[in-house]
Amino acid sequence: MSQARLASCIPLPLEHRTLVSVVEKAKDWALMHGVGMRDRKHFTKDAIQIAPFVLLPSPFPKTEFTKAIELQPILNELMHKVAHDDEFLTNTLQNALQVDEFTANLFDIWVKVRDEGMAQTLSLGLFRSDYLMQNPDSNSIKQVEFNTVASSFGALSSYLRDMTRYILRQLGQAELLKNMPENRALSGLCSGITEAYDLFGVPGSVVLFVVEEVSYNICDQRFHEFEISEKRPDIMIYRRTLTEIYEEATLNDKKQLILDGHTVAVVYYRSGYEPAQYPTAKEWDARLRVERSTSIKCPSIHYQLAGTKKVQQALAAPGVLEKFMGAGAATGRVRDIFTGLYSLDFDESGERAVDMALADAERFVLKPQREGGGNNLYGADVREALLRMRHSRERAAYILMERILPPLVSGYVVRPGAAVPPPLTDLVSELGIFGVIIGTKDKIYCNRQAGHMLRTKLADANEGGVAAGLGALDSPFLLDM
């Protein structure tokens, strides 16, 4: 399958001496402005290294970028409605629950708190919709997935734009800065947390960040804390792991979550925390305790269930969008961004999907329910997995998606510890649009788009997670096409 190609924002390759000089400048800028992460191989709390980044901004069609921005509030509301439709969630997830232990545990918590009577009906969503440009029609975006635990790299993406603008000026290309859109992801995401805090309405209450046992993406996490502290010095922020929440947080008779003597107003699950890795009963107990509380959750348990791959696949089925959105123009716009999504349940349509993938595995991606990325299967691995699972209930925990082949662009990826200068390579980019929504089943208090991020990877790499070291942070360079 061939891929189209887009031209870089400036002619490449750069002259060797120029490239070496500008890479060194970029690395120093990144370190001095916090575009960094902790070293996974040689972890220490006393040092950071640069986060992987693309030296020059990557081209992206302006019309499609604008489309994605405009669609985000529509998608926010759609997922809000899905999350509050008990019957739809139950019917959609029932087969996956039998084979996916993580989703089944989330579902059990949801049922418990729903049957007990939810102590907090407000939910905070910091969402992200991810897109690839479709090839050969490179003027059309297609949704890769919708994430409801999704604020990771919002902060670093905001700073990366400033770094890239600095690099373009160093290369004598200041006239190109007008093609780089403003990115307020950090302030936009943090404003969602502070608005939820104000809606909670308890003076002296605190915000709780739920973090990993070991935090590699520390700059991105801390920038959210620093931003809130700067804009709202009245709000105290705590950081705790789920195990620490189990050991330290309690519920009082009003179902308020109490930590160090303070009521917790908002519980914010960092997207860098891999939810599929809750390995202990204590962590699951902590999650249940939080859900039983009056704290506003980000995401709430039903928001997280709405973000599963099975729900994404179900929404693409004929007539389902209309159930939630009606039959207007907005529904058509949303359906236009969907690519082919197929269930692998044990029914007639599931069997057709299996046969289709076995006949041409290169056309598809096999996506599991697991959070956090890095688990998708491609090409020959799709065929091997389906042959193994064809008669096993395990296959119901996956969906099949048509593979999207975005256009290629030449560029330089700068990584910590890598040779300087980096080689000129073919890259592909994935655009993520952040969104904020706060509401109950019957009332939405805020709903908006909140910035963007661009992740770029080598064209021959299947996965593109920055935290996992597979992708790189990038900025869009908007083109009139």
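Since we're looking at a predicted model, the values are computed, not measured.

Student: Got a sec to walk through the pattern of salt bridges? Specific residues and values, please.
Tutor: Summed over all chains, the structure comprises 34 salt bridges. Glu-248 serves as the salt-bridge partner of Arg-240, at 2.8 Å between the closest nitrogen and oxygen. Under the relative-accessibility criterion, Arg-240 is labelled buried at 14%. A cluster of three or more residues bridged by salt bridges with shared partners is formed by Arg-128, Asp-130, Glu-430 and Arg-455.

Student: Any details on the domain arrangement of the protein chain? Residues and values, ideally.
Tutor: Taken domain by domain, the protein chain comprises domain 1 (16-339 + 404-479) and domain 2 (340-403). Each of domain 1 and domain 2 was reduced to a C-alpha centroid, and the two centroids are 25 Å apart. Taken together, the contact pairs 28 residues of domain 1 with 24 residues of domain 2. Of the roughly 2300 Å² buried between domain 1 and domain 2, counting both surfaces, carbon and sulfur atoms make up 50%. Between domain 1 and domain 2 we count two salt bridges in total. Asp-345 is the salt-bridge partner of Lys-310, the closest N and O atoms lying 3.1 Å from each other. Only helix 3 (86-97), helix 4 (101-116), strand 6 (141-147) and helix 11 (309-315) provide two or more residues apiece to the side of domain 1 that touches domain 2. For the side of domain 1 that touches domain 2, the element with the most residues is helix 11, which contributes four residues.

Student: Any chance you could break down the environment of Phe-146 for me, citing the residues and the numbers?
Tutor: Along the polypeptide, Phe-146 turns up in strand 6. Note on Phe-146: relative accessible area 7%, which makes it buried. Taking C-alpha positions, Phe-146 is 34 Å from Val-23, a pair spaced 123 residues apart along the chain. The contacts of Phe-146, once residues within four sequence positions are left out, are Gln-72, Leu-75, Asn-76, Met-79, Phe-127, Arg-128, Ser-129, Gly-307 and Gln-312.

Student: Help me get a handle on helix 7 (residues 218-231), residues and values and all.
Tutor: For helix 7, which comprises 14 residues, the first-to-last C-alpha distance of 20 Å matches the rise-based estimate of 20 Å (1.5 Å per residue) to within 8%. Looking at helix 7, one finds that the buried residues are Ile-218, Cys-219, Asp-220, Gln-221, Phe-223, His-224, Glu-225, Glu-227 and Ile-228. For helix 7, the secondary structure elements touched by its buried residues are strand 1 (36-37), helix 5 (154-170), helix 6 (185-200), strand 7 (206-210), strand 8 (236-240) and strand 11 (262-269).

How each quantity is defined
Residues numbered from 1 in each chain as written. Predicted model: local features only at pLDDT ≥ 70, side-chain atom pairs only at ≥ 80, totals over all residues. Heavy atoms only, no water. Salt bridge = Lys/Arg side-chain N within 4 Å of Asp/Glu carboxyl O. Buried < 20%, exposed > 50% of the residue type's maximum accessible area, 1.4 Å probe, protein only. Domains from an automatic or database assignment. Contact = heavy atoms within 4.5 Å. Buried area = accessible area lost by both parts, 1.4 Å probe. Helix = DSSP H or I, 4+ residues; strand = E, 2+ residues; numbered from the N terminus. Expected span 1.5 Å × (residues − 1).

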